[in-house]
Amino acid sequence: MHRLSALPFVVLAGLKPVVAECTTETFVDILKDNSNATINLVEAIPQNGSFGQGAVDIPFPNDATKLPALCAVAIKVKSSENSSYDFGLFLPDETWNGRFMTTGNGGFGGGINWPDMGILSQYGFATMSTDTGHNSSVADGSWGLNAPESLIDWGHRAMHGSVVLAKEIITAYYGSPDGIKYSYYAGCSTGGRQGLKEAQLYPDSFDGISVGAPAWWTVRLAANTLKLGLSNRPDTAPGHIDPSIFTQLIVPEITKQCDPQDGLVDGIINEPYSCNFNYEALLCTSSSQTTCLTPAQLDTLYKFYNPWVDANQTYVFPSMAMGADPTFSLGNDLSPLGFDLFRYWAYNDTDWDYTTFTYDDVVFADSINPGGATADHFDLSGSLESGTKILMYHGTADALIPTGSSVYFYDQVARVLIPKGINPNDFYRFFLVPGMNHCSASDNAPWYIASASQTLGGATHSVPGFSDAEHDIILSMMRWVEEGQAPDQLIATKFVNDTASLGVERQRPLCPYPKQSKYIAGDPNDSASWECRRLY
């Protein structure tokens, strides 16, 4: 990785490289010695222009808009005799800041993430996204049927290969004698897993990594999604809970009990893991009641908010946090994010019946680890040695990837590193985001930190009115890497109706785990009224 002395952020977009022409011929020349790479497209985009591939790019059909003047490029790379992957580049014309930013994907999906690339290019980055070797929706794993090489591409190979070749292309295109000054990564969900996996396998790839809600435990996450869905089946079972009851009764009761326990009643569960929840308050007291639960239903509910422990007290997967609403997995059809991995990737059997699912299926799939995707190498000392800084975050209302999986990951890293005399906090910090759903959004809690997969009405990038390292996780990551100033907190913002022009509704500090934000005094919607404190 390349290092520079600290630069003020006002200089970031002021570098003036000698930019090559945005033509197919330019990239043919750059790639002339790479027989595995071919050019799919090269297109010059004017200032305030748009770019995307529309419905052809299944998971990312919307264009990147209001772009700086840049060169859009797509490359195809052969990865084996029967597999390949594509990646896209946005190369700013006049605003390149000398830095490289990679972003990630979501679910089982492929496709090039042009929208996030566009947002990140507004900072001045040369940006890249890989399609991971296929093109599908986030909930479709059928492409992996009898396709082990494609699974390897999705698991890690496409990301690393794209990063390596993208760096070569960027260096040649800009002709800068110093090359790329810093390389960064920002992704959420599967994008979070991709970032962690790259750091584990190739700790020199990036100087700074921002990962949200990482789907790092690939097999177990799918298993947990399927297990929770099946636990509420069949619909005629005594323990079945209609999904509407979660919204109408269960989540409001959790909020009623857990919200005050953090010292402030504001409709936000600030400390879900500290909540002492009384499940029995949901029980029916008479046969005529309808807005309540039976003992059998209470047993079902308990499975959603407690870790999955199976044969011989084996810890299988962490729970979602109190207050998360799991109804996405409880509809008329169970989520393919649960069963597709087993049907198409583990058993390669389109007739596999997910209703027969048991813990034995988990053991079998674990033994295969399709595509080598699981990012469970907890010894991140390679990142420390390479100087990489890692910021991880996870919303506590996330029901798609239970928040507990990130807590578990952080704790496992600590268990490995602390006995070696390494303080994880020196290079790796984890922030819980109270009330935030999967990667973004909340009805009332501050959630916006300008991270990957977050969009805000009326904003092109960063945090309008607060474009600084205290409020913007991208700028915070850059300041830690380039100036050595680690974030002791991040301030999350909730805009009115999630629209920048309507102004700020409330702000609140997010604290490096295991610290928690505590209300001190004053206006609770003002971040200055809160403080990050240790638990003891």
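For the structure itself, look to the data block above.
This report concerns the structure included in the present document.

Examining the state of the cysteines
What is meant by a disulfide is a covalent connection between two cysteines, made through their sulfur atoms. Taken as a whole, this structure holds five disulfides when the rule is applied. The residue that forms a disulfide with Cys22 is Cys71, at a sulfur-sulfur distance of 2.0 Å. Residues Cys22 and Cys71 are joined by a disulfide whose S-S torsion is about 80 degrees; by sign, that bridge is right-handed. Taken together, the residues Cys22 in the segment before α1 (24–30) and Cys71 in strand β4 (residues 70–80) connect sequence positions 49 residues apart. Cys71 gets classed as buried once you look at its relative accessible area, which sits at 0%. At a sulfur-sulfur separation of 2.0 Å, the disulfide partner of Cys188 is Cys439. Its torsion about the S-S bond being -100 degrees, the disulfide of Cys188 and Cys439 is classed as left-handed. Within this pair, whereas Cys188 is found in strand β8 (residues 182–188), its partner Cys439 is found in the loop between β13 (428–433) and α12 (473–483), the two being separated by 251 residues in sequence. The pair Cys188 / Cys439 is uniform in exposure class, with both members buried.

Examining the sheet that holds β13
What the nine strands build is an open sheet, ordered β1-β4-β5-β7-β6-β8-β9-β12-β13; its pairing is mixed. Either end of the sheet is taken by a strand with one partner, and the two such strands are β1 (37–45) and β13. Each adjacent strand pair in this sheet contributes to an overall mean axis angle of 15 degrees, direction not counted. Note: β1 against β4, eight bridges, orientation antiparallel. Directly across from Glu43, in β4, lies its bridge partner Ala72. Lying over the sheet, helix α3 (residues 148–174) contacts β1, β4, β5 (83–92), β6 (99–103), β7 (126–130) and β8, oriented at roughly 35 degrees with respect to β5.

Structural notes on the packing of aromatic side chains
If you walk through the whole model with that rule in mind, you get 41 aromatic pairs. On the basis of an interplanar angle of 80 degrees and a centroid distance of 4.9 Å, the ring pair of Phe277 and Tyr279 is categorised as edge-to-face. By the burial criterion, Phe277 is buried, and Tyr279 matches it. Note on Tyr347 and Phe364: the rings are 4.9 Å apart at their centroids and 10 degrees apart in plane angle, and the pair reads as stacked. In this pair, Tyr347 is assigned in the loop between α8 (336–346) and α9 (359–368) and Phe364 in helix α9, connecting sequence segments 17 residues apart. With a relative accessible area of 34%, Phe364 lands in the partly exposed category. Among the aromatic residues, ring-to-ring pairing joins Trp216, Trp217, Tyr315, Phe317, Phe378, Tyr408, Phe409, Tyr410, Phe427, Tyr428, Phe430 and Tyr513 into one connected group. Over the aromatic face of Trp154 sits the side chain of Arg193, whose NZ or CZ is 4.4 Å from the ring centroid. Over the ring of Trp480 we find Arg429; its NZ or CZ atom is 5.5 Å from the centre of that ring.

Digging into unusual backbone geometry
At the junction of Arg233 and Pro234, the peptide bond is cis and its omega measures out at -10 degrees in the coordinates. A cis amide bond, omega 10 degrees, links Tyr513 with the succeeding residue Pro514. Tracing the backbone through its elements, the reader meets Pro514 in the loop between β15 (504–510) and β16 (516–519). Its identity is not glycine, yet Asn146 carries a phi of approximately 50 degrees, on the positive side. Tracing the chain through its elements places Asn146 in the loop between β7 and α3. In this structure, Ala441 is a non-glycine residue whose phi angle is positive, near 75 degrees. You can call Ala441 partly exposed: its relative accessible area is 27%.

Side note on the layout of surface pockets
Summary: where empty space remains is shown by rolling a probe the size of a single water molecule over the atoms. The computed volume of the second largest pocket comes to approximately 380 Å³. Grouping the amino acids of the lining of the second largest pocket by side-chain chemistry returns eight nonpolar, nine polar and two charged.

Focus on the nonpolar core
With 79 residues, the main nonpolar core has Phe87, Leu91 and Phe342 as its most contacted residues. The element that contributes the greatest number of residues to this core is α3, accounting for 11 residues. For Leu91, the contacting residues outside a window of four places in its chain are Phe27, Leu70, Cys71, Val73, Ala126, Ile170, Tyr173 and Tyr174. By size, the runner-up hydrophobic cluster in this structure holds 36 residues, among which are Tyr182, Ala186, Val433 and Val481.

Focus: the environment of Ser462
As for its position among the elements, Ser462 is in the loop between β13 and α12. With relative accessibility at 3%, the residue Ser462 sits in the buried group. Ser462 sits 377 residues away from Tyr85 along the chain, and the two C-alpha atoms are 30 Å apart. Contacts of Ser462, omitting those with residues within four sequence positions, involve Tyr123, Tyr448, Ala450, Ser467, Asp472 and Leu475.

Section: helix α11 (residues 404–417)
Across its 14 residues, α11 extends 20 Å between first and last C-alpha, which sits within 8% of the 20 Å expected from 1.5 Å per residue. Judged by how many residues are buried, α11 sits mostly within the fold: 10 of 14 residues are covered. Every buried residue of α11 is accounted for by Gly404, Ser405, Ser406, Val407, Phe409, Tyr410, Gln412, Val413, Ala414 and Leu417. Summarising the contacts, the buried residues of α11 are in contact with α4 (190–201), β11 (314–317), α10 (381–386), β12 (389–395) and β13.

Quick notes on the packing of helix α5 (residues 218–231) against α9
In the contact formed by α5 and α9, the axes pass within 9 Å of each other and the chain directions differ by 155 degrees. Here α5 is positioned roughly antiparallel relative to α9, judged by the angle of their axes. Note that α5 runs across α9; the crossing there is right-handed. Residues Val219, Arg220 and Ala223 of α5 lie in contact with α9, whose contacting residues are Val362, Ala365 and Asp366. Taken together, the residues of the contact of α5 with α9 sort by class into four nonpolar, no polar and two charged.

Reading the values: the criteria
Residues numbered from 1 in each chain as written. Predicted model: local features only at pLDDT ≥ 70, side-chain atom pairs only at ≥ 80, totals over all residues. Heavy atoms only, no water. Disulfide = S-S within 2.5 Å. Helix = DSSP H or I, 4+ residues; strand = E, 2+ residues; numbered from the N terminus. Buried < 20%, exposed > 50% of the residue type's maximum accessible area, 1.4 Å probe, protein only. Pairing = 2+ DSSP bridges. Axes fitted to C-alpha atoms, helices over the stretch in contact; angles between N-to-C directions. Contact = heavy atoms within 4.5 Å. Phe/Tyr/Trp six-rings, centres within 6.5 Å; stacked < 30°, edge-to-face > 60°. Lys NZ or Arg CZ within 6 Å of the ring centre and 35° of its normal. 1 Å grid on protein atoms, 1.4 Å probe; cavity = no way out; pocket = protein on both sides within 12 Å on 5 of 7 lines; lining within 4 Å. Points joined across faces, edges and corners; volume = space filled by probe spheres on them. Nonpolar A, V, L, I, M, F, W, Y, C, P; charged D, E, K, R; others polar. Core = buried A, V, L, I, M, F, W, Y, C linked by side-chain atoms within 4.5 Å. Expected span 1.5 Å × (residues − 1). Parallel < 35°, antiparallel > 145°, perpendicular 65-115°, else oblique. Left-handed = near helix turned anticlockwise from the far one by under 90°.

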